[in-house]
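Chain by chain, the residues:
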Amino acid sequence: MEIKLTPAESEEYFHNALCNGLSQMMGYGLDIDYDADDYKAAKESLNAKSPNVGVCFEDVFMEILRMGKKLSFKDIEGDGDMDKSITLEDVHNRVQKTPLDHLNDMIEENDDADTADVILQTVFYENIIFG
């Protein structure tokens, strides 16, 4: 079976996964990595678009990707074997490759930290490596 998501759906589910699963990924000896200048520019971009709306760091991460930049996980416990970077195109292409039970949980808004973890691993590593 092949699942096809729109870019907007992929971005929404990935954003939700960042919100709900990022801390779990940190438990695997990984740290989110991004260019500080990219973060600043993305935050300024969001604030300019919606000046009266607060933004969280997951919003800024999505804006970094939308600006054509990368997000990375850095392996802080190993030799860098698990370092991995993604672009917005990776989000568009890989969220739909999430195992169906977890993807369906996200679609049906029945997701949890495990669902988010699986989506993040699928997008960054194209496989479930941890947990």
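So, here is what we can say about the structure in this document. Treat the numbers as computed from the prediction; the structure is a model and nothing was measured. Every chain is numbered on its own, with residues counted from 1 as its sequence reads. For a predicted model such as this one, the threshold for reporting local features is a pLDDT of at least 70, and the threshold for listing and counting side-chain atom pairs is 80 or more; totals across whole chains, interfaces and linings nevertheless cover every residue. Remark: hydrogens and water are excluded; side-chain values derive from all non-hydrogen atoms of the structure.

### Thoughts on the packing of helix 1 (residues 7–26) against helix 5 (residues 100–107)
Moving on, step 1. The angle between two axes is taken between their N-to-C directions and runs from 0 to 180 degrees, where each axis is a line fitted to C-alpha atoms and a helix contributes only its stretch in contact. Numbering of helices and strands runs from the N terminus; a helix is a DSSP stretch of H or I covering at least four residues, while a strand is a stretch of E covering at least two. Contact geometry for helix 1 and helix 5: axes closest at 10 Å, N-to-C directions at 95°. As the angle between them shows, helix 1 and helix 5 are arranged roughly perpendicular. On helix 5, the residues that touch Tyr13, Asn16 and Ala17 of helix 1 are Leu103, Met106 and Ile107.
Moving on, step 2. Its residues assigned to classes, the contact of helix 1 with helix 5 comprises five nonpolar, one polar and no charged. Orientation categories follow fixed angle ranges, with anything under 35 degrees roughly parallel, anything over 145 roughly antiparallel, 65 to 115 roughly perpendicular, and all other angles oblique. Here a residue-residue contact requires only that any non-hydrogen atoms of the pair lie within 4.5 Å. Think of it as three bins: nonpolar holds Ala, Val, Leu, Ile, Met, Phe, Trp, Tyr, Cys and Pro, charged holds Asp, Glu, Lys and Arg, and polar takes everything else, Gly as well.

### Considering helix 3 (residues 57–66)
Moving on, step 1. Among the ten residues in helix 3, seven count as buried, and that is most of the element.
Moving on, step 2. Within the sequence span of helix 3, burial applies to Glu58, Val60, Phe61, Met62, Glu63, Ile64 and Leu65.
Moving on, step 3. Count one or two residues on from helix 3 and you reach Gly68, which has phi positive near 85°. Classification of residues uses two cut-offs on accessible area relative to the type maximum, computed with a 1.4 Å probe and protein chains only: under 20% is buried, over 50% is exposed, and between them is partly exposed.

### Digging into the sheet that holds strand 2 (residues 71–75)
Moving on, step 1. Pairing in this open sheet of three strands is antiparallel, and the strands run 1-2-3 from one edge to the other. Sheet topology places strand 1 (30–33) and strand 3 (84–86) at the edges, where each strand pairs with a single neighbour. Between one strand axis and the next, the sheet turns by 20° as a mean value, whatever way the strands run.
Moving on, step 2. Think of it this way: DSSP has to see at least two bridges between two strands before they count as a pair. Judged from the four bridges that link them, strand 1 and strand 2 form a sheet pairing that is antiparallel. Across the sheet, the residue bridging to Asp33 is Ser72, located in strand 2.
Moving on, step 3. Its contacts with the sheet place helix 1 against strand 1, strand 2 and strand 3, and it is angled at close to 140° to strand 1.

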